[in-house]
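A look at the structure
Read off the chains here:
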Amino acid sequence: MKKKLLKLENITFIAIILGLFFGYFFKDLALNLKVIGDIYISLLKMLIIPLVFASIFIAIVGLKNKNELKSIGIKAFLYYISTTALAVILGLLVVNIINPGSNYELTKDLTHTITPKEVSISDFLLSFIPTNIFNSLSNGKILPIIFFAIIFAISAMFIEKNKKEFLYNFFDSINDSFMILAKWIINLTPIGVFFLIAFTVAKNGIEPIMELYSYFLTVILALFTHAFFTLGIILYFFGKINPFTYFSQVKEALMVAFSTASSSATLPVSIEIAELKAKIDKKVAGFVLPLGATINMDGTALYESIAVMFIANISGVELSLTQQITIFIMATFASIGAAGIPGAGLIMMTMILDSVGLSAEYIALIITVDRFLDMFRTSINVWGDLIGAKIINQLINKT
Ligand code: ASP
């Protein structure tokens, strides 16, 4: 099994590289074959809802007692919030130093662009609570589903032992069969990523990157600094593992994140890799990873802060320290509220732009490179989740 996974990672890596060339040189074909990449994403997505629900439920109900839940819950929450905050601070630091867009000529006509729907703080708060769980399930609204799964599982901890066991076994069986299905779908990864990358390159070209290179490079530089320094150091000290060793264990999940630009779609792969290769307990992986895929997005948070500062720069607005603190707080929340799907970060950005008085229309300026940045930030999001799972696993097993 180990051998097979190892082989799959290498093939996936080659598929990404070949996909880049294919999309660049055979544009029409790549655009026409989009459906193959879409089928792969749909297959992964098909697993998300039942997997998230069942894995969170059994992770909580399977705990020895309520104290263990408190301990995993608090640790996961603290880890997520602190690394996200560190990511935003780093983003703001880097963007203030490099100052991308300060000499940019605003030539684009914004009057005809579509404005994304704005997101307000009350929408954000309400998005956690389902009014009808079946509605959330059928519409794939992950945040309310997680909220519901957690409180449902906690309530199940209080019922009679045999009834509790029945519920546990029921969801455990669902979870196990979905994990088997996940393994099958994971085998299709090289084919899926090849067509996804080819389509992205064929559709967007690489010209926008040249045009917005200072912004693009600022985001990439900050993302990599966060991934290798901040998270690397945290992993080394708290997880007691060399970041490079860990990277090579989980890289398959990062490649899937890169090509799908979706933390949620990557979730089945992350869970599989975490349990099988990173040797993380089922109960930790089953709770920490779905939660992380939904609310822990270091890459997104960091990117939001840089993008907003860039937009301020190109529109000639100087942001004060207080406004930058507002960005810090809002970017942290926006990343928690962003769904794990492509482009979610861009939509949440309207909330931050609004809070510092910038028009959401300016998003049109950065939209052209967004898919590429999305691929990088999603990989960092998933890397952050997997590091969180490893550290929490380590902390739980020590106590
Ligand atoms: N695509 C990202 C994710 O799924 C979210 C974002 O747009 O930043 O993690």
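Preceding this paragraph is the structure being described.
Okay, so let's go over this structure.

The rules behind each value
- Residues numbered from 1 in each chain as written.
- Predicted model: local features only at pLDDT ≥ 70, side-chain atom pairs only at ≥ 80, totals over all residues.
- Heavy atoms only, no water.
- Helix = DSSP H or I, 4+ residues; strand = E, 2+ residues; numbered from the N terminus.
- Buried < 20%, exposed > 50% of the residue type's maximum accessible area, 1.4 Å probe, protein only.
- Contact = heavy atoms within 4.5 Å.
- Lys, Arg positive; Asp, Glu negative; His and termini not counted.
- Charge placed at Lys NZ, Arg CZ, Asp CG, Glu CD.
- Near = heavy atom within 4 Å.
- Polar contact = N/O pair within 3.5 Å; in protein donor to acceptor, adjacent residues only side chain to side chain.
- Areas by Shrake-Rupley, 256 points an atom, 1.4 Å probe, with all protein chains shown as cover.
- 1 Å grid on protein atoms, 1.4 Å probe; cavity = no way out; pocket = protein on both sides within 12 Å on 5 of 7 lines; lining within 4 Å.
- Sits in = over half its atoms within 2 Å of the grid points.
- Nonpolar A, V, L, I, M, F, W, Y, C, P; charged D, E, K, R; others polar.
- Expected span 1.5 Å × (residues − 1).
- Bend = angle between axes of the 7 residues up to and from the residue.
- Points joined across faces, edges and corners; volume = space filled by probe spheres on them.
- Core = buried A, V, L, I, M, F, W, Y, C linked by side-chain atoms within 4.5 Å.
- Salt bridge = Lys/Arg side-chain N within 4 Å of Asp/Glu carboxyl O.
- Phe/Tyr/Trp six-rings, centres within 6.5 Å; stacked < 30°, edge-to-face > 60°.
- Lys NZ or Arg CZ within 6 Å of the ring centre and 35° of its normal.

1. Re the overall build of the protein
When helices and strands are tallied, the protein shows 18 helices and zero strands. The C-alpha extent of the protein, read off along each of the three principal axes, is 70 × 50 × 45 Å. In the protein, which comprises 399 residues, the share counted as buried stands at 54%. Within the protein, contacts between residues separated by at least 24 positions form 85% of all contacts whose residues are at least 6 apart in sequence. Taken together, the 29 basic and 26 acidic charged side chains of the protein have centroids lying 13 Å from each other.

2. Overview of the site of the ligand
Around the ligand, a shell composed of 16 residues is seen, among which Ser-263, Thr-300, Gly-345, Asp-374 and Arg-377 lie nearest. In the model, an oxygen atom of the ligand is placed 2.4 Å from a nitrogen or oxygen of the Ser-263 side chain. Within the side chain of Arg-377, a nitrogen or oxygen atom sits 2.6 Å from an oxygen atom of the ligand. Considering the ligand on its own, with 270 Å² of exposed area, one finds that the protein chains cover 100% of that surface. Spatially, the ligand is embedded in the largest cavity. Elements represented by at least two residues in the shell around the ligand include exactly α17 (344-355) and α18 (363-398). Among the elements that take part in the shell around the ligand, α18 stands out by supplying four residues, more than any other. Considered class by class, the residues forming the shell around the ligand number six nonpolar, eight polar and two charged.

3. Quick word on helix α12 (residues 243-260)
Over its 18 residues, α12 runs 23 Å from end to end, which matches the ideal 26 Å to within 8%, given 1.5 Å per residue. By the largest-angle criterion, Val-250 marks the main kink of α12, which is about 60°. The complete set of buried residues in α12 reads Pro-243, Tyr-246, Val-250, Glu-252, Ala-253, Leu-254, Met-255, Val-256, Ala-257, Phe-258, Ser-259 and Thr-260. Just downstream of α12 lies Ala-261, where phi reads positive at about 55°.

4. Points about the layout of surface pockets
In this structure, the largest pocket encloses a volume near 940 Å³. In this structure, the largest pocket is lined by 35 residues; those nearest its centre are Ser-127, Gly-140, Lys-141, Ile-142 and Ala-339. Classifying every residue of the lining of the largest pocket by side-chain character gives 18 nonpolar, twelve polar and five charged.

5. Quick look at the nonpolar core
Counting 139 residues, the largest nonpolar core has Tyr-215, Tyr-246 and Met-349 as its most contacted members. Contacts of Met-349, omitting those with residues within four sequence positions, involve Tyr-303, Glu-304, Ala-307, Val-308, Ile-311, Ile-363 and Ile-366.

6. As for the pattern of salt bridges
Tallied over the full model, the rule gives seven salt bridges. With a shortest N-O distance of 2.9 Å, Asp-38 and Lys-34 are connected by a salt bridge. Of this pair, Asp-38 and Lys-34 are both found in helix α3 (residues 34-61), four residues apart, which corresponds to roughly one turn of the helix. Owing to a relative accessible area of 30%, Asp-38 belongs among the partly exposed residues under this scheme. Overall, Lys-34 belongs to the partly exposed group, its relative accessible area being 31%. Linking Lys-161 and Glu-165 is a salt bridge whose minimum nitrogen-to-oxygen distance equals 3.4 Å. One end of the pair is Lys-161 and the other is Glu-165, both in helix α8 (residues 161-186) and four residues apart, which spans about a single turn. Each of Asp-172, Asp-176 and Lys-282 takes part in a single network of salt bridges with overlapping partners.

7. Regarding helix α4 (residues 66-98)
With 33 residues, α4 should cover 48 Å at 1.5 Å per step; its first-to-last C-alpha distance of 48 Å lies within 8% of that length. Just downstream of α4 lies Asn-99, where phi reads positive at about 55°.

8. Some points on empty space enclosed by the protein
Counting across every chain of the model gives three cavities of 30 Å³ or more. As a volume, the largest cavity reaches approximately 60 Å³. Surrounding the largest cavity, 14 residues form its lining, Thr-300, Ile-341, Asp-374, Thr-378 and Asn-381 being those nearest its centre. The element that contributes the greatest number of residues to the lining of the largest cavity is α18, accounting for four residues. Here the residues of the lining of the largest cavity are counted per class, giving five nonpolar, seven polar and two charged.

9. Examining the packing of aromatic side chains
Enumeration over the complete set of coordinates arrives at 25 aromatic pairs. Between Lys-34 and the ring centre of Phe-199, over which it is positioned, the NZ or CZ distance is 5.1 Å. Taking NZ or CZ as reference, Arg-377 lies 3.8 Å from the ring centre of Tyr-303, over its face.

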